[in-house]
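# Tertiary structure, described
Chain by chain, the residues run as shown.
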Amino acid sequence: MTAGIVVFPGSNCDYDCHFVLTKILKVSAKYLWHKDTDLNGVDLVILPGGFSYGDYLRTGAIAKFSPIMTEVKRFAAQGGKVLGICNGFQTLTEAGLLPGALIRNKSLRFICKELFLRVENTDTPFTQLYTLNEIIQLPIAHTDGNYYADTETLKRLEGEGLIVFRYCNSSGDLTEESNPNGSLHYIAGIINEGRNVLGLMPHPERRVDPIVGGTGGARLFASVLNVEIPSLAEG
Amino acid sequence: MKATVFVRLKADILDPQGKAVHGILNTLGYRGVKGVRVGKLIELELEEPVTDASKAQLKEIAQRVLSNPVIESVEWKLDNGGTRP
């Protein structure tokens, strides 16, 4: 299995993803330049966090027109697995690969904070190694992470189990305080109907290497790339 | 010729920027303002002459690139013209 990490001008979590995949999880990973028109045979495409094109116009609004996105859309339509983290999630919604939009945090502030998340669906290639309703910890780092979708879309997301992660407190309760960006239905991450495109605002790649103080994100990558987590990184 | 594009958050979308501006207006003692919404104004300089095709292109640019229909509404106008749509 090989992961391809797309590099847009302004991406800044591309190296973090590459590091944890190759050095911690020992899987093959390569960078894909946003002007490339070939995915080089990768099995998973990752749209990393950052501020592609300086977040100009809207987050992800310019990145979605990068040449590589045509290939990413084609790949996703054929069932290829795509993971969008933070700015990658914003880009996936802009590109129409996931419904809804990420708007300005209700506080108007950039929030960089460790949060609790509840795993809402483990019947996806990305979350099969988690336990249903398990509470994990991942950090967020964004200004525009406030998930919005119209009532009909929210109903569909709820009804079809497409909400994968929700912000919660340490006991797993959904509270206003545990949802600092103001996301509707406490949504932190969603998946498409085909269960092959996942987007989430928190950063799983920042919680893989045990040296950083938590490994809540390791099983996401291990799930989708079908690899064992080295015993060092369990937890 | 200049085209002006107005992008606004849809009415049912929370606008924390507008709320913050409204808050400071109240703090400064400006009364009588019931609400504030913050949007975007984008100016495009179009090659002349402006044809039906370039007007159609302007519409596509406004709807496909400059705004996101999930959260925003968009209008545009040409110099000497009315606001559309």
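What you see is a predicted model, and the numbers here were worked out from it, not measured in a lab. (Residues numbered from 1 in each chain as written. Chains lettered and ligands numbered in written order. Predicted model: local features only at pLDDT ≥ 70, side-chain atom pairs only at ≥ 80, totals over all residues.)

### Brief notes about the overall build of chain B
Going by this rule: Secondary structure elements follow DSSP: runs of H or I no shorter than four residues count as helices, runs of E no shorter than two count as strands, and numbering proceeds from the N terminus. For the radius of gyration, the atoms used are the C-alpha atoms, and the globule rule reads 2.2 Å times the number of residues raised to 0.38.
Each helix and strand counted, chain B has 2 helices and 4 strands in total. The N-to-C order of helical and strand elements in chain B reads β-α-β-α-β-β. Taken over the C-alpha trace, chain B has a radius of gyration of 16 Å; the compact-globule value for 85 residues is 12 Å, which it surpasses by more than 25%. The principal-axis extent of the C-alpha atoms belonging to chain B is close to 50 × 25 × 15 Å.

### Section: unusual backbone geometry
For clarity, the cut-off: Burial is judged by counting other C-beta atoms within 10 Å of a residue's own C-beta: 20 or more means buried, 12 or fewer means exposed, and anything between counts as partly exposed, with every C-beta placed from the backbone.
In this chain, Glu48 of chain B is followed by Pro49 of chain B through a cis amide linkage whose omega measures -5°. Along the chain, the position of Pro49 of chain B falls in the loop between β2 (40–45) and α2 (52–65). Here Lys26 of chain A, not a glycine, exhibits a phi torsion of approximately 55°, which is positive. The exposure class of Lys26 of chain A is exposed, given the 11 C-beta atoms found within 10 Å. With a phi angle near 50°, Tyr53 of chain A is a residue other than glycine that sits in the positive phi range. Examined against the element boundaries, Tyr53 of chain A turns out to sit in the loop between β3 (44–47) and α2 (67–77). Look at Tyr53 of chain A and you get buried, because 20 C-beta atoms sit within 10 Å.

### A few points about the sheet that holds strand β6 (residues 111–119) of chain A
By definition, the strands of a sheet pair up through backbone hydrogen bonds, in either a parallel or an antiparallel sense. Residue and element names in this part refer to chain A. Convention followed: Paired strands are those between which DSSP finds at least two bridges. A fitted line through C-alpha atoms serves as each axis, taken over the contacting stretch for helices, and the angle formed by two N-to-C directions is quoted from 0 to 180°.
The strand order β2-β1-β3-β4-β11-β10-β9-β6-β7 describes an open sheet built from 9 strands, whose pairing is mixed. Only two strands of the sheet have a single neighbouring strand rather than two, namely β2 (28–33) and β7 (135–142). With strand direction ignored, the average angle separating the axes of adjacent strands in the sheet is 25°.

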